[in-house]
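What the coordinates show
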Amino acid sequence: MKKFFIVLFLFLTICAKAQNEQLANNYFDRGEFEKALVSYEELLKMQVGNSNYFQRVVECYQQLEQYDKAEKALQERLDKYRQSNLLVELGYNYQLQKNDEKAIKYYDQAIEKIKINANEVYGIAYVFERKSLIDYALLAYQTALEKEPKMSFNFQMAVLYGQKGNTDLMIETFLAEGFQNPQNLPIIQNQLSRFMTEDTDENFNNTLRKALLLRTQKSQDLFWNDFLSWYYVQLKEYSKAFIQQKAIYKRNPESFSNIVNLAEMAIDDKDSEAAKEILIFVLDNTNNLDLLIQAHSYLVEMKIDIATEKDYPAITQELDVLIKQFGVSPYTLSLLKLDANFSAFHLKDTEKAKTILKNAMDMPLNKYQLAEVKMDLADILLFEEKFNQALIYYSQIENDLSGDVIGQEASLKTAKTSYYKADFKWASHQLKVLKSASTQLIANDALDLFLLISDNTVEDSTQVALKQFSRGDFLLYQNKKQDALSQFQLILKEHKGEEIEAVTLLRIGKIYEKQGDYTKALENYNEIITNHKDGIYIDEALYYSAEIYNLILNDAEKAKPLYEEMIFKHEDSIYYVDSRKKYRQLRGDSTM
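These numbers come from a predicted model, not from an experiment. (Residues numbered from 1 in each chain as written. Predicted model: local features only at pLDDT ≥ 70, side-chain atom pairs only at ≥ 80, totals over all residues. Heavy atoms only, no water.)

**Description of the overall build of the protein**
Of the regular secondary structure elements, the protein holds 32 helices and 0 strands. What you see for the protein is a C-alpha radius of gyration of 31 Å, clearly larger than the 25 Å of a compact globule of 592 residues, by over 25%. In terms of overall dimensions, the protein has a C-alpha envelope of 85 × 65 × 60 Å along the principal axes. Split into buried and exposed, the 592 residues of the protein put 47% on the buried side. Taking the contacts inside the protein whose residues are at least 6 apart along the sequence as the reference set, 51% of them involve residues at least 24 apart. As presented, the protein carries roughly 31,200 Å² of accessible surface, and 50% of it is formed by carbon and sulfur atoms. (Helix = DSSP H or I, 4+ residues; strand = E, 2+ residues; numbered from the N terminus. Rg over C-alpha atoms; globule rule 2.2 N^0.38 Å. Buried < 20%, exposed > 50% of the residue type's maximum accessible area, 1.4 Å probe, protein only. Contact = heavy atoms within 4.5 Å. Areas by Shrake-Rupley, 256 points an atom, 1.4 Å probe, with all protein chains shown as cover.)

This is the structure:
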């Protein structure tokens, strides 16, 4: 019984302390420093050695301009614990009082401590950094290195150089650290990519590229080729990245997986020329069955994406030849799935497609392969408007792989099925959950559809226009572009001026774009730009228009102002980074 009361007492003490700490933090964050001070002083009495509580007490004194109390507390703690970082705190307390002479005196004393014991640098440099005293933080690290040359502070110093705006020195230091400690490469590249995507220094990308090129020329180490390949991937210049990966492959033929990954990234970013070049290289340089099937599958899939009906016989023949060549087995699942989808969505032969997939389900597949086949079968059942049967398969995937990306994808397709059926209430319920999906692409798609439903329900509670729109989207899903076009044009006619007009114009523009009628696509996008400039689809209309002028019509003068408007008015758009890159290219910036 006695033990029980002891445990209970300790538990209640811990709970009370946690509540007091939260209360103190809340006061501090709200700027109520007098109340925060009282709370932190109480906490410090209970835990005298707690440096966090002590620091907050000092900061409260300083916020209340009680510098004498702060100095006394700091000096007493310095005398008691002999912590050299407190010298920096004392100096900063004088700096707040505009007494730079005394501040420098204490800062110099802290540096002297490092000269005696290099290990003091960790605490001292940390406080200098926290107080934004960048030059002193750098001096602290440099002093430690003079005392102990075997120490390494490249990463910390590179970050500080970046904060000072000395990006050239930051790059050199980061590259040195990456080469010396490859295990730190991911966080180094993460730091560099932040500067690559910011608009603060247009010379940064060019400086980094030159530094990497210089190292690939001077050194035979493949580390630099791989780093340069990473650099080009960040800029979505996959052909240039491929040159580096080929150089790596020539000296290390085991590095083929990086080349295939590069092809996948190029496909995802719609750089079909680079993807095709990479995949043909794969076919010419490997006998690995998995890689050969994967490369062939990607190449055929890219052909299907841009195919018109006159191309269908050739694609059918190519798929038949490949399946005959490689056989029917779990190894050729990607080809079999491609054949099924092409048969259903392009040739409209759903029976053949379902037979292929049902036969595949009888093969010895792992749970992920089985889920992929079920997903494709559900997609075809949905194509046939067999909604309930499709939902059964989607639900099975959700239940079997709820924590995986494919499970979340099945959840999204379940929501879309409800949307196609015009069951908007249930679709919205499912989409609310998916808006926070771990996969950004799924989360974005869920948010877009959720906003479409909610925005067009507020104005029209009967959802007449939304029902017509969901039917148009379903016709697009069925690859019935002309029928979908007629449906969306009907919506424009019957619901002109309503909330749904802008997204309808966007859909029509995309259909014309896929049909190769770029004049009509631009007309519809321009309607959004002119009449719906405050709507949520303006960034897409600007970007799609710019892409047509830039990549299809080769009219840089018309593309530039559209990209420019994206840069200056739509920084939160998913097309912002690409717009800025292409705008700079058209402007002829040296960074590109």
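**A short note on helix 12 (residues 204-218)**
Each turn of an α-helix holds 3.6 residues, which means side chains three or four residues apart point in the same direction. For helix 12, built from 15 residues, the straight-helix expectation of 21 Å at 1.5 Å per residue is met to within 8% by its first-to-last C-alpha distance of 21 Å. Here helix 12 has its buried residues at Phe204, Asn205, Asn206, Leu208, Ala211, Leu212, Arg215 and Thr216. The inward-facing, buried residues of helix 12 contact helix 10 (167-180), helix 11 (185-197), helix 13 (222-234) and helix 14 (238-251). (Expected span 1.5 Å × (residues − 1).)

**Let's talk about the side chain of Gln468**
By the element assignment, Gln468 lies in helix 26 (residues 464-477). For Gln468, the side chain forms a polar contact with the side chain of His495, separated by 2.8 Å. The residues touching Gln468, leaving out its near neighbours within four places in the chain, are Gln487, Leu490, Ile491, Glu494 and His495. (Polar contact = N/O pair within 3.5 Å; in protein donor to acceptor, adjacent residues only side chain to side chain.)

**Observations concerning the packing of helix 7 (residues 121-130) against helix 8 (residues 134-147)**
The description of two packed helices rests on the angle between their axes and on the distance between the axes. The geometry of helix 7 relative to helix 8 is characterised by a closest axis approach of 8 Å and an angle of 165° between their N-to-C directions. On the basis of their axis angle, the class for helix 7 and helix 8 is roughly antiparallel. Crossing of helix 7 against helix 8: the hand is left-handed. Here Val121, Ala125, Phe128 and Glu129 of helix 7 come into contact with helix 8, specifically with Tyr136, Ala137, Ala140, Tyr141 and Ala144. (Axes fitted to C-alpha atoms, helices over the stretch in contact; angles between N-to-C directions. Parallel < 35°, antiparallel > 145°, perpendicular 65-115°, else oblique. Left-handed = near helix turned anticlockwise from the far one by under 90°.)

**As for the nonpolar core**
Of all hydrophobic cores here, the largest spans 97 residues; its most connected members are Tyr419, Leu431, Leu452, Ile453 and Phe469. If near-sequence neighbours (up to four positions away) are discounted, Leu452 is found in contact with Tyr419, Leu466, Phe469, Asp473, Val503, Arg507 and Tyr537. Listed in part, the 94 residues of the second largest apolar core include Leu43, Leu90, Ile111 and Leu133. (Core = buried A, V, L, I, M, F, W, Y, C linked by side-chain atoms within 4.5 Å.)

**A closer look at the side chain of Asp376**
Following the sequence through the fold, Asp376 ends up in helix 21 (residues 367-383). Excluding its chain neighbours within four sequence positions, the residues that come into contact with Asp376 are Lys337, Asn341 and Leu357.

**Details of the confidence of the model for the protein**
When pLDDT is averaged across the protein, the result is 92; 95% of the residues are at 70 or more. Of the regions scoring below 50 in pLDDT, residues 1-17 engages in 3 contacts with residues more than four places distant in sequence or in other chains. (pLDDT = per-residue confidence, 0-100.)

**Quick look at the pattern of salt bridges**
Applying the stated rule across the entire model yields 28 salt bridges. Across the pair Arg56 and Glu59 runs a salt bridge whose closest N-O atoms are separated by 3.5 Å. Pair noted here: Arg56 and Glu59 are both in helix 3 (residues 51-63), with a separation of 3 residues, about one helical turn. Judged by its relative accessible area of 24%, Arg56 is partly exposed. Between Lys582 and Asp578 there is a salt bridge, and its shortest N-O distance comes to 2.8 Å. Of the two residues, Lys582 and Asp578 both sit in helix 32 (residues 576-587), 4 residues apart, roughly one turn of that helix. On the accessibility criterion, Lys582 (12% relative accessible area) is buried. Accessibility expressed as a relative area gives 13% for Asp578, which makes it buried. (Salt bridge = Lys/Arg side-chain N within 4 Å of Asp/Glu carboxyl O.)

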